[in-house]
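Analysis of the macromolecular model
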Amino acid sequence: MPLQEDHQIVSVDDHLIEHPRVWQDRLSKADQEKGPRIVEQNGMHMWHYDGMVAPTIGLNAVAGKPVEEWGMDPVRYEDMIPGCYDPVERLKDMDIDGVEATLAFPSFPGFAGGVFHRAPDKDLALKCVKAWNDFNVEEWCATDPNRLIPMAIVPTWDVQLAADEVRRAAAMGARTVTFPDNPIPLGLPSFHNAHWNPFWEACEETEMPISLHFGSGGAPTVAPDAPFTTAIALYGLNSQMATIDLMNTRLFERFPNLRFAMSEGGTGWIPYALERMDYTYSHHKAWTGADFGGLTPTEIFHRNFSTCFIDDRAGIELRHKVGIDRMTWECDYPHSDSTWPHSADLLAHSLEGVPDDEIDKITHLNAMRIYQFDPFSIRPREQCTVGALKAEAADVDISVRSMGRGKGTPMT
């Protein structure tokens, strides 16, 4: 049978748009005025927090909109389909797409909590970090713990607090923590610095994978007059740079059980990167002092890293060089790169000619192992297939609909 009928799909990189009361419901009355809240300005919904004003960027919530209305303009919640911010509606949109389970990154805080890192009031910022984690585990994912995978952010400005939050989040049931793919632009020590050891220790102790979403440590450098598509195309290089940087830290000698998930970084670049790292290691280790503890960079990657793709035929063709046990899939709902609501069909095309056992690894088994998450623990497997989920949503209208707000701002 074709993939869109009898296989299961788990997406390891989607996004949620926080509803307006995430922090107002969880902060004390004294903190609510400075805490994140939605204020209407010039007809748009804007986040106000600790002296900062930030929009919900339209490009982050384009699901269901015609491409002519995509853009960077701030949007109102009415301009989004409800699955962006409502977990009950999100589950319906997953059914439409044939996706059994999903891991959703934050939006307002940034992919790795950078908004709170930059905030002046660090006591309030810590409360906001904890509030987001409480919301994600106890509200968003609790809507259906069998299908929504909990994740957590950490207070990156204080490594001991970050370690403490890893342990607290793990006890709550979080399956991964998100962290900047490059801490330096945030004014933090590099991956090479022993400063981070308490954080690595907590992640290893709790068996918590560390998700490095591309762009979480800063956007790629492009010419100021380049079209925005340049930056979109280059974001995957952030994952390549982060992977090579981490693998040259000697971190894995001290923490051999750390696990890094390169989120939205793609896969096609990995075979070349591994060949290059192996070559530079063997060619230059005598004079640089490089030492991987008797392992090659490729062996470390296959032990300590995983990656994911949206639509990556090159990576599929090179899957055995990437590492068939390290590959996972993502939908990226509701962002502009997303394949929703046609993910199963597009994924089936990408996986054409791939054996069923390898398809199962890429589409769900690897994700289940990496994030220690079992979507079949309650719901029978036969009810989790693409075909079964789509059948449940057969009467749902997925036609593209204008939100009546006109065209988005061109990304020039």
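Model, not experiment: these values are computed from the prediction.

**Examining the overall build of the protein chain**
- Per the secondary structure count, the protein chain includes 16 helices and 11 strands.
- A globule of 412 residues ought to have a C-alpha radius of gyration of about 22 Å, and the protein chain, at 21 Å, matches this closely.
- Overall size of the protein chain, expressed as C-alpha extent along the three principal axes, is 65 × 55 × 50 Å.
- A burial count over the protein chain gives 55% of its 412 residues as buried.
- For the protein chain, the share of sequence-separated contacts (at least 6 apart) that also reach a separation of at least 24 residues comes to 73%.
- Accessible area of the protein chain: about 17000 Å², with a carbon and sulfur share of 53%.

**A few points about the packing of helix α10 (residues 270–288) against helix α11 (residues 297–304)**
- The geometry of α10 relative to α11 is characterised by a closest axis approach of 8 Å and an angle of 135° between their N-to-C directions. In terms of orientation, α10 and α11 fall into the oblique class. Across from I270, L274, M277, D278 and Y281 in α10, the residues of α11 making contact are P297, T298, F301 and H302.
- Considering only residue class, the contact of α10 with α11 consists of 6 nonpolar, 2 polar and 1 charged.

**Notes on the nonpolar core**
- W23, F116, F199, W200, I210 and F260 are the most contacted members of the largest nonpolar core, which has 107 residues in total.
- Looking at this core, the element that brings in the most residues is helix α5 (residues 122–140), giving 9 residues.
- Dropping the residues within four chain positions of it, F116 is found in contact with W23, P36, Y49, F108, P109, K122, A125, C128, V129, I153 and W157.

**A few points about the pairing of strand β2 (residues 37–41)**
- Sheet analysis places β2 next to strand β3 (residues 44–49), joined by 5 bridges and oriented antiparallel. Bridged to V39 within β3 is M46.
- The antiparallel pairing of β2 with β3 creates a hairpin that spans 2 residues between the two strands, and N42 there sits at a positive phi of about 50°.

**Considerations on the environment of E201**
- In this fold, E201 is placed in helix α7 (residues 197–205).
- The sequence separation of E201 and F255 amounts to 54 residues, and the corresponding C-alpha distance is 7.4 Å.

**Focus: the packing of helix α6 (residues 159–172) against α7**
- Put simply, α6 and α7 touch, their axes get as near as 8 Å, and they point 10° apart. Here α7 runs roughly parallel to α6, going by the angle between their axes. Facing V159, Q160, A162, A163, V166 and R167 of α6, the residues of α7 in contact are P198, F199, E201, A202, C203 and E205.

**A look at the environment of M80**
- Mapped onto the elements of the fold, M80 is located in the loop between β4 (52–55) and α3 (87–97).
- Residue class for M80 comes out buried when judged on its relative accessible area of 4%.
- In this structure the C-alpha to C-alpha distance between M80 and R21, which are 59 residues apart in sequence, comes to 17 Å.

**Topic: the pattern of salt bridges**
- Evaluation of the coordinates by the stated rule reveals 22 salt bridges.
- Among the ionic pairs, K34 bridges to D50, the shortest N-O distance being 3.5 Å. Of this pair, K34 sits in the loop between α2 (29–32) and β2 while D50 sits in the loop between β3 and β4, placing them 16 residues apart in sequence.
- Put simply, K34 and D121 hold a salt bridge, and the shortest N to O gap is 2.9 Å. Remark: D121 occurs in the loop between α4 (114–118) and α5 and K34 occurs in the loop between α2 and β2; sequence separation between them is 87 residues.

**Here we look at unusual backbone geometry**
- With an omega dihedral of 0°, the bond running from Y333 to P334 counts as a cis peptide bond.
- Within the secondary structure layout, P334 lies in the loop between β11 (327–329) and α14 (343–350).
- The omega torsion across W340 and P341 is 5°, close enough to zero to call that bond cis.
- You can see P341 is positioned in the loop between β11 and α14.
- Unusually for a residue other than glycine, N42 sits at a positive phi of about 50°.
- Inspection of the secondary structure assignment puts N42 in the loop between β2 and β3.
- According to the relative accessible area criterion, N42 is exposed, its value standing at 81%.
- In this model, D332 sits at a positive phi of 65°, which is unusual for a non-glycine residue.

**Observations regarding the pairing of strand β9 (residues 260–263)**
- Both faces of β9 are covered, namely the face carrying F260 and M262 and the face carrying A261 and S263.
- For strand β8 (residues 210–213) and β9, the ladder comprises 4 bridges, and the chain directions are parallel. Along β9, the bridge assignment pairs S211 with A261.
- Where β9 meets strand β10 (residues 305–309), 3 bridges bridge the pair, whose relative direction is parallel. Residue pairing in the sheet places F260 in a bridge with F305 of β10.

**Let's talk about the environment of A231**
- The residue A231 is located in helix α8 (residues 228–247) in this model.
- A C-alpha to C-alpha distance of 35 Å links A231 and A142, two positions 89 residues apart in sequence.
- The contact partners of A231, leaving out residues within four places of it in the chain, are P220 and V222.

**Considering the sheet that holds β3**
- Overall, antiparallel pairing links the 3 strands, which are arranged β2-β3-β4 in an open sheet. Unpaired on one side and paired on the other, β2 and β4 mark the two borders of the sheet. For this sheet, the mean angle separating the axes of adjacent strands, direction not counted, is 40°.

Rules of the game
- The residue count restarts for each chain, going from 1 along the sequence in the order it is written.
- With the structure being a predicted model, the display of local features is reserved for residues of pLDDT at least 70 and the display and counting of side-chain atom pairs for 80 or more, all residues being used for whole-chain, interface and lining totals.
- To get the side-chain values, all heavy atoms of the structure are used, and hydrogens and water are removed first.
- Secondary structure elements are defined from DSSP: runs of H or I of at least 4 residues count as helices, runs of E of at least 2 residues count as strands, and each element is numbered from the N terminus.
- Note that the radius of gyration is over C-alpha atoms, with the globule rule given as 2.2 Å times the number of residues to the power 0.38.
- Throughout this description, buried means an accessible area under 20% of the type-specific maximum (1.4 Å probe, protein chains only), exposed means over 50%, and partly exposed covers the range between.
- A contact between two residues is defined here by any heavy atoms of the two lying within 4.5 Å.
- In this description, accessible areas are obtained by the Shrake-Rupley approach with a 1.4 Å probe, and a residue is regarded as covered only by the protein chains that are shown.
- A fitted line through C-alpha atoms represents every axis, and for helices the fit uses only the stretch in contact; the resulting angles, taken between N-to-C directions, go from 0 to 180 degrees.
- These descriptions rest on fixed angle ranges, namely under 35 degrees for roughly parallel, over 145 for roughly antiparallel, 65 to 115 for roughly perpendicular, and the rest for oblique.
- Classes in brief: Ala, Val, Leu, Ile, Met, Phe, Trp, Tyr, Cys and Pro nonpolar; Asp, Glu, Lys and Arg charged; the others, Gly included, polar.
- Take the buried Ala, Val, Leu, Ile, Met, Phe, Trp, Tyr and Cys residues and link them wherever side-chain atoms come within 4.5 Å; each set so joined is a nonpolar core.
- Should DSSP find at least two bridges between two strands, the strands are regarded as paired.
- By convention in these notes, a salt bridge is any Lys or Arg side-chain nitrogen within 4 Å of a carboxyl oxygen on Asp or Glu.

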